[in-house]
Amino acid sequence: MTILDQIIANKKKEVALKKSVVSIAQLENADLFNKKTISLSKSIVNSPFGIIAEHKRRSPSKATINNSFSVEEVVKGYENAGASGISVLTDMQHFGGSLEDLLLAKASVGIPLLRKEFIIDEYQLLEAKAFGADAILLIAAVLSQNGIKQLSEFAQSLALEVLLEVHNQEELDKSIIPSLDLIGVNNRNLKTFEVSLQNSINLVNHIPNDFVKISESGLTSTDDIKLLRSHGFQGFLIGENFMKTDNPGKSLKQFINQLKT
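Rules used throughout
- Position numbers for residues count from 1 along each chain, tracking the sequence in the order it is written.
- In keeping with the model being predicted, local features are shown solely for residues with a pLDDT of at least 70 and side-chain atom pairs are shown and tallied solely at 80 or more, while totals for entire chains, interfaces and linings include all residues.
- In computing side-chain properties, one takes all heavy atoms of the structure into account and sets aside hydrogens as well as water.
- Whether two strands pair comes down to DSSP finding at least two bridges between them.
- The helix and strand labels rest on DSSP assignments: H or I over at least four residues marks a helix, E over at least two residues marks a strand, and numbering proceeds from the N terminus.
- All axes here are fitted lines through C-alpha atoms, helices being fitted over the stretch that makes contact, and every angle between N-to-C directions spans 0 to 180 degrees.
- Between rings of Phe, Tyr and Trp, where Trp is taken as its six-membered ring, a pair exists when centres lie within 6.5 Å; planes separated by under 30 degrees are stacked, by over 60 edge-to-face, and by other angles tilted.
- Think of it in three bands: with a 1.4 Å probe and only protein chains considered, a residue is buried below 20% of the maximum accessible area for its type, exposed above 50%, and partly exposed in between.
- In our convention, an over-ring charge means Lys NZ or Arg CZ found within 6 Å of a ring centre and within 35 degrees of that ring's normal.
- Contacts were defined at the residue level, with two residues in contact if any of their heavy atoms lie within 4.5 Å.
- Buried Ala, Val, Leu, Ile, Met, Phe, Trp, Tyr and Cys residues that are joined via side-chain atoms within 4.5 Å together make up what is termed a nonpolar core.
- This arc is taken over the directions from the axis of the helix to the C-beta atoms.

The pairing of strands in a sheet happens through backbone hydrogen bonds and is either parallel or antiparallel. Spatially, eight strands are ordered 1-4-5-6-7-8-9-10 in a closed barrel, and the strand pairing comes out parallel. Averaged over all neighbouring strand pairs, the angle between strand axes comes to 25°, with direction disregarded. Examined bridge by bridge, strand 9 (residues 212–216) and strand 10 (residues 235–238) share three bridges and lie parallel to one another. Opposite Glu 216, over in strand 10, you have Leu 237 as the bridge partner.

In structure tokens:
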């Protein structure tokens, strides 16, 4: 069983438990549930840099990355630095995140928020809306084509944009459906955790221009961004590169300043 298989098995148990404690009606009655969402895709397209900066405390591959700063400090730093959007990890067991992190981020900034989670159930989309997300992540590796269709259509019915993550051509082929807004290529092999930007470069021309094109994982330098932009990517999801420093917001600011030169 791979790490991803373990995560999904745990997630199924977690979602079932949450359903028994917090009803759909309670989520739908949350103050933020009917709040107008902000378009992540438009924010990226209208930005000169398209950086989605991530709040991530730890990961299965790197253990603890940064527990030193509050959510508020990190996301405000990202917004002030010029991020187009912010990705908030909400998985507790493997990434140390929570829905409360998403809620705190919503209270702190005015730019689009992506709930980054292993989403397998419509219930999690209701959670995302209730806790302030503007967009959600779906992972092709853990969903069937029908699952992608059902979840993305339900997300859009809630005015949540959908970023669909793929790792290879097979996943991309099953994922090109109208109810997506952004398609991201993850440069990290989920089985070996090895990273290669060539993965993005190999797939970018197979992504229709109807979707905003995002490169994810392993982006560490401005040269990476310039290379990927030259191949047609519009957005770049970066987390660990900023979170591992002693001031994530300042690190992003310096990163963007280097992109300007």
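All chains considered together, the criterion is met by three aromatic pairs. Each ring, one from Phe 95 and one from Phe 118, has its centre 6.0 Å from the other, and the planes form 35°; the classification is tilted. Of this pair, Phe 95 sits in helix 5 (residues 92–95) while Phe 118 sits in the loop between strand 5 (113–116) and helix 7 (122–130), and the two are 23 residues apart along the sequence. There is no split in this pair, since Phe 95 and Phe 118 are both buried. Here the guanidinium or amino end of Lys 129 rests over the ring plane of Phe 33, the centre of that ring lying 5.3 Å away.

Of all five residues in strand 8 (residues 182–186), five are buried, a share of seventy percent or more. Bridge analysis of strand 8 against strand 9 gives five bridges, and the strand direction is parallel. Bridging from a neighbouring strand, Gly 184 pairs with Ile 214 of strand 9.

For the rest of this paragraph, the subject is unusual backbone geometry. Notably, Ala 159 is not glycine yet its phi reads approximately 70°, a positive angle. Positioned with a positive phi, Ser 217 is a non-glycine residue whose angle comes to about 75°. Structurally, the position occupied by Ser 217 is in the loop between strand 9 and helix 11 (222–230).

Every buried residue of helix 6 (residues 99–108) is accounted for by Leu 99, Asp 101, Leu 102, Ala 105, Lys 106 and Ser 108. Against helix 1 (3–21), strand 1 (51–55), helix 4 (71–81), strand 4 (85–89), strand 5 and helix 7 lie the buried residues of helix 6.

A separate point is the nonpolar core. Grouped together as the largest cluster of nonpolar side chains are 63 residues, with contacts concentrated most on Ile 51, Tyr 78, Ile 136 and Leu 252. Apart from residues no more than four positions distant in its own chain, Ile 136 is found in contact with Leu 114, Arg 115, Ile 119, Leu 125, Ala 128, Ala 155, Leu 160, Glu 161, Val 162 and Leu 163. Within the second largest apolar cluster, 18 residues are counted, among which are Ile 7, Ala 135, Ile 139 and Leu 182.

Structurally, Gln 124 can be placed in helix 7. The class for Gln 124 is buried, based on a relative accessible area of 1%. Contact partners of Gln 124, with chain neighbours within four places excluded, come to Lys 11, Val 15, Arg 115, Glu 117, Phe 118 and Ile 119.

With that settled, the discussion passes to the environment of Lys 19. Among the secondary structure elements, Lys 19 is positioned in helix 1. Separated by 104 residues in the primary sequence, Lys 19 and Tyr 123 place their C-alpha atoms 7.7 Å from one another. Aside from chain neighbours lying at most four places away, what touches Lys 19 is Asp 121 and Tyr 123.

A separate point is helix 11. For an α-helix, 3.6 residues make a turn, and residues three or four places apart therefore share a direction. Among the residues of helix 11, those classed as buried are Thr 222, Asp 224, Ile 225 and Leu 228. Buried residues of helix 11 fall within an arc of 155° about the axis and therefore sit on the same side. For helix 11, the exposed residues lying more than 90 degrees away from the buried face are Asp 223 and Ser 230. Residues of helix 11 that are buried sit in contact with helix 10 (198–203), strand 9, strand 10 and helix 13 (248–260). The first or second residue beyond helix 11 is Gly 232, which carries a positive phi of 115°.

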